[in-house]
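# Survey of secondary and tertiary structure
Residue strings, one per chain:
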Amino acid sequence: MVTLPHRPAVRVHVPREIRAGQTIEPLVVLDAKREVKVESVTATLFGYEQLQANAKRVLLKLQAKLLGASVLPKGERQLRFRATLPENLPPRYLGRLYQVLYSCDVHVDLPWWPDRRASFVLTVLPPDLPLPDEQPFHFSTRPEGPVAGKLHIEGVVDQRVLMSGGVLAGSVVLSNLALGYRYLHMSLVATERLSGSQYEAKRWTLDLQIPSVEGQAVPFRMKVPDVTPSFLGPSGGLSWAIEISAKAGMNSLKVPIPVRMVAPGPNAESRKVAPALPRIGSERITKLWEKVAAEHGFVVQGDGMQSRQRDVDVRITRDARGRDGVFLCCELNYPSLGLELLAHPRSELGKTVQAVINADDPLKSYEVLGRETAQAKAFLASWWEPGSDLLLAEIRDERATFEVAGSGQNEAGLSRFVALVQRMVRRFFAARETVPLPTELATAEAAWVGVAQQLQDAVLVRGAVFVRGTLDGVSVEAGHAWDDRVQCIARVFAEQPLDPTFVVGDAEHVESLDISSEARGLLQSLLEHGTVVVEPRQLELRWPEGPIEDPREVLPSLRRLLRLRLALRSNVGPYR
């Protein structure tokens, strides 16, 4: 009986986001149901501009031959290649008339049989470059001041380099209110450019409240959507602007403020953005806030007061909400609780239903979600104070926001709010220390506490059962990663780059590595527990899925990783 050839299945593993200028090592996996002859296997990183009328302009074509004429055995065959992308590549963009597309194309050449061709979409972003610190940018339709009987807009925005997914803030002042302004808008506008022409591609608009007092500042905050960064390619591009617009009678006025949109990244996010809103109220209000802030250990900065209490950043501001009035708002930012927590007020209907179902539940007014709902509710119940004047706006793993209706223009009301916030911070510290461990790990609490006690400056994130600290002066962490299932990980960080970098899951791979005998021995012992991953700045041991049987294995494994770190670092240099 003649066995016909077949085409093996193809998978490609690449980072979800790739930066221009980055060196990547895609992994191509061929899965053959039975032995099959191949003439060759090639992979191509391909990028092009898609113009009108299906015209294309090639931006990138990097090809690697992964395999020559050979016989693929039954099962999986992994092939890896390395490629460095040019630094000037435009990002992936899907516009109406203009697109920039990238893919990883794999071609399996089969003799006397239809070839296997597979294409996988790549998301390419600009390089993650450091950004300069920003000061507020002031704008005005007439810097000399308003003219009687004429529309006039002035204001401030906190930044002109916006980050996709970030926050834009500022304030606007209208003059000559007797003209009867009909609307005041703040818009974020994307403009697509193609072959010398341009058109508006997208617009997001906030409808701002018309002030009732001449010269009154109207603050705004906008969540910047997840969008494509600004770029200019060979044939087209994308630019961004903030647009402030107003209309009174038959007259309208627009103030465009060109901005640059960037993708988030460690370098981009390290910049400092100065507060955009004017100082709080009049000079009397400013002095009031400074007095209350000093009494409670806060410092007035920009449009609010803030303090650092242990590892929690506390910020208090005023938020004018038009007809709803002014609210005093507090935002807490803290290290992750590891609960995958999300809590927010229920709708009025939801509150009514919960009051009927469970009238005694102190959290019946809130929707509480988490990786384990009971764990999340237990934390929130021990933190949240029933009957508190504070309104919970939202609580997440790393941030909580509270508010209360009130303008903050009298000392008693403002001081009472700050005192409530201070009380909530103290209750937070206490609640965090008593978070119940996840159900799967409840019996291992004492062992993990023991691991934390043997590290210096250790913090045990009880929600996820994860320890961070130092061991012999080196930053380390160990604990659990939660996806569909739990997995234990031990990690050691390296100040100096490690070489080589690799992923090893079994002893056979160790012999092929160009490492010292000491490093090889350490790897062999670590592989008894799981998979070892070595990256330039960290070493990681991953146990098989599921909680480990004995957490006491963690500390010896961390020490072996420390020794392996030293053994690999000794190989760094121009000669080996």
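Note that this is a predicted model, so its numbers are computed, not measured.

### What about the pattern of salt bridges?
For the coordinates displayed, the defined rule picks out 20 salt bridges. Notably, a salt bridge pairs Arg559 with Asp472, separated by 3.3 Å at the nearest N-O pair. Here Arg559, found in helix H9 (residues 554–569), pairs with Asp472, found in the loop between strand S34 (466–471) and strand S35 (474–482); they are 87 residues apart in sequence, far enough to count as distant. For Arg559, a relative accessible area of 37% corresponds to the partly exposed category.

### Quick look at the pairing of strand S30 (residues 366–369)
It is a general feature of regular strands that their side chains alternate between the two faces of the sheet. A one-sided burial pattern is seen for S30, the buried positions being Tyr366 and Val368 and the unburied ones Glu367 and Leu369. The pairing of strand S29 (residues 342–345) with S30 spans four bridges and is classified as antiparallel. Looking at the pairing, Pro345 lines up with Tyr366 of S30.

### Details of the packing of helix H4 (residues 373–383) against helix H5 (residues 411–432)
With their axes 8 Å apart at the nearest point, H4 and H5 run at an angle of 140 degrees to one another. It follows from the interaxial angle that H4 and H5 lie oblique. Seen from above, H4 lies across H5 with right-handed handedness. For the pair H4 and H5, the contacting residues are Phe379, Ser382 and Trp383 in the first and Met424, Arg427, Phe428, Ala431 and Arg432 in the second.

### What to know about the pairing of strand S36 (residues 486–493)
Of all eight residues that make up S36, six are buried, and the element is covered over most of its length. Relative to S36, S35 runs antiparallel, the two being bridged by seven bridges. The partner of Ala481 across the bridge, within S36, is Gln487. Hairpin remark: S35 followed by S36, antiparallel, with three residues in the connecting loop. Judged from the five bridges that link them, S36 and strand S39 (residues 538–545) form a sheet pairing that is antiparallel. Among the inter-strand pairings, Ile489 is bridged to a residue of S39, identified as Arg542.

### Let's talk about the environment of Lys377
Here Lys377 lies in helix H4. Using a relative accessible area of 32% as the deciding quantity, one classes Lys377 as partly exposed. The spacing of Lys377 and Leu341 is 36 residues in sequence and 9.1 Å in space, taken between C-alpha atoms.

### Structural notes on the sheet that holds strand S21 (residues 217–223)
The four strands are arranged S15-S16-S18-S21 in an open sheet whose pairing can be described as antiparallel. The sheet is open, and its two edges are formed by strand S15 (137–140) and S21, each paired on a single side. Strand after strand, the sheet turns through a mean of 20 degrees between neighbouring axes, direction not considered. As defined by bridge partners, S15 adjoins strand S16 (residues 152–157) across four bridges and the pair is classed as antiparallel. Note that in S16 the partner of Phe139 across the bridge is Gly155.

### Some details on the environment of Val124
Within the fold, Val124 resides in strand S14 (residues 124–125). Considering only alpha carbons, one finds Val124 and Leu85, 39 residues apart in sequence, at a separation of 9.5 Å. Ignoring sequence-local partners within four residues, the contact set of Val124 consists of Ile18, Ala20, Leu85, Pro90, Pro91, Arg92 and Tyr102.

### Things to note about the nonpolar core
If you look at the biggest cluster of nonpolar residues, it comprises 68 residues, and the most contacted ones within it are Val28, Val41, Leu45, Phe81, Ile242 and Ile244. When residues no more than four places from it in sequence are discounted, the contact partners of Ile242 are Val157, Gln159, Leu168, Met186, Ser187, Leu188, Val255, Pro256, Ile257 and Val259. By size, the runner-up hydrophobic cluster in this structure holds 45 residues, among which are Trp448, Leu471, Ala478 and Trp482.

### Structural notes on the sheet that holds strand S4 (residues 27–32)
One open sheet holds the three strands; their spatial order is S1-S4-S9, and the pairing between them is antiparallel. The two strands at the open ends of the sheet, each matched to only one other strand, are strand S1 (9–13) and strand S9 (75–80). The average angle at which neighbouring strand axes cross in this sheet is 20 degrees, direction not considered. One ladder, built from six bridges, connects S4 with S9; its direction is antiparallel. Across the sheet, residue Leu27 finds its bridge partner in S9, namely Arg80.

### A closer look at helix H6 (residues 445–453)
Among the residues making up H6, those that are buried are Trp448, Gly450, Val451 and Ala452. Buried residues along H6 sit in contact with strand S33 (456–461), S34, S35, S36 and H9.

What counts and how
- Residues numbered from 1 in each chain as written.
- Predicted model: local features only at pLDDT ≥ 70, side-chain atom pairs only at ≥ 80, totals over all residues.
- Heavy atoms only, no water.
- Salt bridge = Lys/Arg side-chain N within 4 Å of Asp/Glu carboxyl O.
- Helix = DSSP H or I, 4+ residues; strand = E, 2+ residues; numbered from the N terminus.
- Buried < 20%, exposed > 50% of the residue type's maximum accessible area, 1.4 Å probe, protein only.
- Pairing = 2+ DSSP bridges.
- Axes fitted to C-alpha atoms, helices over the stretch in contact; angles between N-to-C directions.
- Parallel < 35°, antiparallel > 145°, perpendicular 65-115°, else oblique.
- Left-handed = near helix turned anticlockwise from the far one by under 90°.
- Contact = heavy atoms within 4.5 Å.
- Core = buried A, V, L, I, M, F, W, Y, C linked by side-chain atoms within 4.5 Å.

By themselves, these observations are geometric and do not establish any function.
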